[in-house]
Amino acid sequence: MSRELTPQEIAERSLIKTYRKSIWNPFIAAVKRYELVSPGDKIAVCISGGKDSMLLAKLMQELHRHSEVNFGLVFLVMDPGYNAANRKRIEENAALLQVPVEIFETDVFAASIAAGGDSPCYLCARMRRGYLYAKAKELGCNKIALGHHKSD
């Protein structure tokens, strides 16, 4: 009789089996082709809480688990001023998938709204990226990994 898998085990197994051709193999090919991970790297995987960044977190965990390259990972969540329900959802999903997130708070939402102007989204995106780079550097990371990138 087989045991019931945890949500974390289901996600990890599906990356390697169900989504091997469409997600796992292209991910590994890109990591190798562009030499994205080197021995001794400490990579901050930046998580917004959306599906793109959570998927990247699981991919990076699997890469770390199965790679011959020795590198470290930190999973960063920057809280730019989320409401309590959104933050709780991120924390719960990370716990469910066993992604050990480190959350730090900023006032990005409030600052970008206060600045106003024609493109608060541009300002917010720039500020978020700056905070992520600074926190990653503070934690000794030499690279960051983002699950979704939108050029502004």
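As a reminder, the structure under discussion sits directly above these lines.
Report follows, based on the coordinates. Along each chain, numbering runs from 1 in the same order as the chain's sequence is written. Whole-chain, interface and lining totals are the exception, using all residues; otherwise, since this is a predicted model, local features are given only for residues with pLDDT of at least 70 and side-chain atom pairs are given and counted only at 80 or more. The basis for the side-chain values is all heavy atoms of the structure; hydrogens and waters are excluded.

1. Considering the pairing of strand β3 (residues 101-105)
So, step 1. DSSP bridges decide pairing: two strands pair if at least two such bridges lie between them. For helices the rule is a DSSP run of H or I covering at least 4 residues; for strands it is a run of E covering at least 2, with both sets numbered from the N terminus onward. Judged from the 5 bridges that link them, strand β2 (residues 72-79) and β3 form a sheet pairing that is parallel. What sits directly across from Val77, in β3, is Ile103.
So, step 2. Look down the strands so they point away from you; if the path from the first strand over the helix to the second goes clockwise, the crossover is right-handed. Taking the sense of rotation as the criterion, the β-α-β connection linking β2, helix α4 (residues 84-96) and β3 turns out right-handed.

2. Examining the packing of helix α2 (residues 20-33) against helix α3 (residues 51-66)
So, step 1. At their nearest, the axes of α2 and α3 sit 11 Å apart, and the two run at 70 degrees to each other. Looking at the two axes, α2 sits roughly perpendicular to α3. At the point where α2 passes α3, the crossing takes the right-handed sense. Between α2 and α3, the residues in contact are Ile23, Trp24, Phe27, Ile28 and Val31 and Leu55, Leu56, Leu59, Met60, Glu62 and Leu63, respectively.
So, step 2. Residue composition of the contact of α2 with α3, grouped by class: 10 nonpolar, no polar and 1 charged. Here the axes come from fitting lines to C-alpha atoms, over the contacting stretch only for helices, and the angles between their N-to-C directions go from 0 to 180 degrees. Orientation is classified from the angle alone, with under 35 degrees giving roughly parallel, over 145 giving roughly antiparallel, 65 to 115 giving roughly perpendicular, and any other angle giving oblique. In a left-handed crossing the near helix is turned counterclockwise from the far helix by less than a right angle, and in a right-handed crossing that turn is clockwise. Contacts are assigned to residue pairs with any non-hydrogen atoms lying within 4.5 Å of each other. Under the scheme applied, nonpolar residues are Ala, Val, Leu, Ile, Met, Phe, Trp, Tyr, Cys and Pro; charged residues are Asp, Glu, Lys and Arg; polar residues are all the others, including Gly.

On their own, these measurements won't tell you what the molecule is for.
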